Amino acid sequence: MVSGDKITHVGKSTEIEKLCDRQTQVIDARGCVVLPGFVDAHTHLVFAGNRLDDFEARARGETYEQVAKRGGGIQTTVRATRAASADELRVLAKKRANWFLQNGTTTVEAKSGYGLTLEDELKILRVIRCIGKETPLETVATFLGAHAFPPEFREDRAGYISLLIEEMLPVIAREKLAEYCDIFCEQNYFNAEETRRILTAAKRHGFKLRMHVDQLTNGGGAKLAAELGATTADHLEQTAPDGISALTKTSVQPVLLPGSVYALGSKKYPDARAMIDAGLAIVLATDFNPGSSPSASMPMMLSLAVTQMRMSPAEAVTAATVNAAASLNRVDKIGSLDVGKLANLAIYDCEDYRELAYWFGVSLVRDVFVRGISLSRSGGFQTTDA
């Protein structure tokens, strides 16, 4: 039962019926599944352009690294995003926010990282804040200025790191535009020592840490995340058992992104089974971005988790809801259908929650509620059969 924007009672239909009066609006969800809204804890929501050329190049056999070395990859999106105005980015992001909502996601973590100048990173972070205010999709902002070295600093890595530490971090902290700071710790991007220096500075400014690690190579990123006390270690496709062991000794949550493995045509998925068996509260997220995971569908991630990473359907749903909420420090507000939490939920046109992962590539969403408001009835999004 919902009153205002919160859940007030949870129980059997016969118990809830006794609490209703003539003014109570009843939603008939017989024969349907009702779940908390998905919490997508790793997205790159705000960008301009696309990476269709990269997509086609990979179909011809080029790797992610080869595409990046010839000027594609992240740099393609940086060029397009720098050229776009804040208003243009806002229009694009609003359209994508609708994609998330249509798939049952009500909260997303959204990273910057496609500007790589102070002005452009601020532009992206302000658009993220705007989306959280102007659409039903709730946003949590992360600063990812250390996504790649911009072309103007290709021969001056130290200069860009100084820019990050001495200019970007202080301004973003002062304007309170992000809760987290992230970094792409990977071969040909930011090495372990650079990562340690940047994230140590971020902690001094009050940022909590998230880290892209061990995606393309096993560079010891999981162990570094444990050392630095990061909130999450994301990707982990190449993480070895010693890295998993290091995470178990900390409160770091693994964020697994099967969509990027699938889209890049890789066969190496994170070892979710080993992480769960080790007691880690893993998170599933889309990694929505134009280059390696152009999907806003959390149900598709559930399907990949079950079929490719040997997670049970229940483990996958847990990883995309309550575990994800915990990774964003919002488990007291979202992520489960409990009394006192926000009424962020979705109704699915199926009788068994396992069907969300089973019928892959098909949207089963009947309606989504954010803070107690039905989006299909309020015009918050257009359903597929509208």
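In what follows, the accompanying structure is described. Since this is a predicted model, take the numbers as computed values, not measurements.

About the thresholds
Residues numbered from 1 in each chain as written. Predicted model: local features only at pLDDT ≥ 70, side-chain atom pairs only at ≥ 80, totals over all residues. Heavy atoms only, no water. Helix = DSSP H or I, 4+ residues; strand = E, 2+ residues; numbered from the N terminus. Rg over C-alpha atoms; globule rule 2.2 N^0.38 Å. Buried < 20%, exposed > 50% of the residue type's maximum accessible area, 1.4 Å probe, protein only. Contact = heavy atoms within 4.5 Å. Areas by Shrake-Rupley, 256 points an atom, 1.4 Å probe, with all protein chains shown as cover. Lys, Arg positive; Asp, Glu negative; His and termini not counted. Charge placed at Lys NZ, Arg CZ, Asp CG, Glu CD. Polar contact = N/O pair within 3.5 Å; in protein donor to acceptor, adjacent residues only side chain to side chain. Arc of directions from axis to C-beta. Pairing = 2+ DSSP bridges. Phe/Tyr/Trp six-rings, centres within 6.5 Å; stacked < 30°, edge-to-face > 60°. Right-handed = clockwise from strand over helix to strand, strands pointing away.

## Notes on the overall build of the protein
- Each helix and strand in the protein was counted, giving 17 helices and 14 strands.
- Compactness check: the protein gives a C-alpha radius of gyration of 21 Å against a globular reference of 21 Å for 386 residues, within 12% of the reference.
- When the backbone C-alpha atoms are referred to their principal axes, the protein occupies close to 70 × 45 × 45 Å.
- Each of the 386 residues in the protein was classed as buried or not, and the buried ones make up 54%.
- The contacts in the protein between residues at least 6 apart in sequence include a share of 70% that link residues at least 24 apart.
- Looking at the protein as shown, the accessible area adds up to about 16800 Å², and 50% of this sits on carbon and sulfur atoms.
- Taken as two groups, the 44 positive and 47 negative side-chain charges of the protein have centres that lie 2 Å from each other.

## With respect to the side chain of His 235
- Topologically, His 235 is positioned in strand 9 (residues 232-235).
- By relative accessible area, which is 1% here, His 235 ends up buried.
- A distance of 3.5 Å separates the side chain of His 235 from the side chain of Gln 215, its partner in a polar contact.
- Contacts of His 235, omitting those with residues within four sequence positions, involve His 42, His 212, Val 213, Gln 215, Val 255, Leu 256, Leu 257, Ser 260, Pro 270 and Asp 287.

## Points about helix 4 (residues 74-83)
- Within the span of helix 4, buried status applies to Ile 74, Gln 75, Thr 77, Val 78 and Thr 81. With its buried residues spanning 155° around the axis, helix 4 presents them on a single face.

## Section: the sheet that holds strand 12 (residues 345-348)
- A sheet is described by the order of its strands in space; here four strands give the open sequence 3-12-13-14, paired in antiparallel fashion. Among the strands making up the open sheet, the edge pair consists of strand 3 (33-36) and strand 14 (373-374).
- Where strand 3 and strand 12 come together, four bridges link them in antiparallel fashion. Paired with Pro 36 across the two strands is Leu 345, which belongs to strand 12.

## Section: the packing of aromatic side chains
- A complete count under the given rule lists 10 aromatic pairs for this structure.
- With 4.4 Å between their ring centres and 35° between their planes, Phe 184 and Tyr 189 make a pair best called tilted.
- For Phe 184, a relative accessible area of 2% translates into the label buried.
- A ring pair is formed by Tyr 358 and Trp 359, whose centres lie 4.8 Å apart and whose planes are at 75°; its orientation type is edge-to-face.
- For Tyr 358, a relative accessible area of 58% corresponds to the exposed category.

## As for the pairing of strand 8 (residues 208-213)
- Counting buried positions along strand 8 gives five out of six residues, so the element sits mostly inside the fold.
- Judged from the four bridges that link them, strand 7 (residues 180-185) and strand 8 form a sheet pairing that is parallel. Looking at the pairing, Cys 185 lines up with Val 213 of strand 8.
- Taken together, strand 7, helix 8 (residues 192-204) and strand 8 form a β-α-β motif whose crossover is right-handed.
- As paired strands, strand 8 and strand 9 are joined by four bridges and run parallel to one another. Bridge pairing in strand 9 places Arg 210 opposite Thr 232.
- The β-α-β motif built from strand 8, the intervening helix 9 (residues 221-228) and the parallel element strand 9 has right-handed crossover chirality.

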